[in-house]
Amino acid sequence: MDHHCPWIMNCVGWGNHKYFFLVVVYAVLSCAFIFVTVLESVQDSVYMDVPHINRFLLVFCTTLSFIMGSLMTVFLSFHTWLMTKAMTTIEFCEKTSAAPHSFSKYDRGLWENIKVVLGPRPLLWFVPLDPARGDGIHHHSVSMGLCASIGGPPAWDLHAEGKSAAPEFSR
């Protein structure tokens, strides 16, 4: 588990990390789109005879979309950084309080870390399809050499080598 998110009223973890990340990406893009499109209407309302309540609502919408978009951009930047470092929010909080310059033992490098969260096919990264590989229990670990797992090697590593796993791991 990464953390409990009150916005989606669910815990964010391995199975839904991509979808949580995409919600944040879509929120940033939506706020930017609303800000840009309403800004033109605000500028037009200055030169046209528009009821005051309409002008107020246009300015309020623009202000709200700018503030929320700015906050969501910071939030997206933080979660993008966490994804590139193979860390969860909880791991980040634990590591910053314990050892400020520690790194994640699951860090595989930039490209692989992104693929772990968004899935193996880059063309499908920004659509809610193609979840990440694996089963959420077995993870590659730098400190352990091969993998950090519960109950043996991960099934997806054995299948990649052409071997069969004794217990078949499924979702």
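Preceding this paragraph is the structure being described.
Bear in mind that the values here come from a model prediction, so they are computed numbers and not experimental data.

1. Remarks on the overall build of the chain
Looking only at helices and strands, one finds 5 helices and 2 strands in the chain. The secondary structure elements of the chain, listed N-terminal to C-terminal, are β-β-α-α-α-α-α. A buried classification covers 29% of the 171 residues belonging to the chain. For the chain, the exposed surface amounts to about 11,000 Å²; the carbon and sulfur share of it is 69%.

2. Considering the side chain of Ser 65
Its place among the elements puts Ser 65 in helix 2 (residues 52-84). By relative accessible area, which is 8% here, Ser 65 ends up buried. One polar contact links the side chain of Ser 65 to the main-chain carbonyl oxygen of Thr 62, over a distance of 3.0 Å. Beyond its immediate chain neighbours, meaning those up to four positions away, Ser 65 contacts Cys 31, Ile 34 and Phe 35.

Rules behind the numbers
Residues numbered from 1 in each chain as written. Predicted model: local features only at pLDDT ≥ 70, side-chain atom pairs only at ≥ 80, totals over all residues. Heavy atoms only, no water. Helix = DSSP H or I, 4+ residues; strand = E, 2+ residues; numbered from the N terminus. Buried < 20%, exposed > 50% of the residue type's maximum accessible area, 1.4 Å probe, protein only. Areas by Shrake-Rupley, 256 points an atom, 1.4 Å probe, with all protein chains shown as cover. Polar contact = N/O pair within 3.5 Å; in protein donor to acceptor, adjacent residues only side chain to side chain. Contact = heavy atoms within 4.5 Å.

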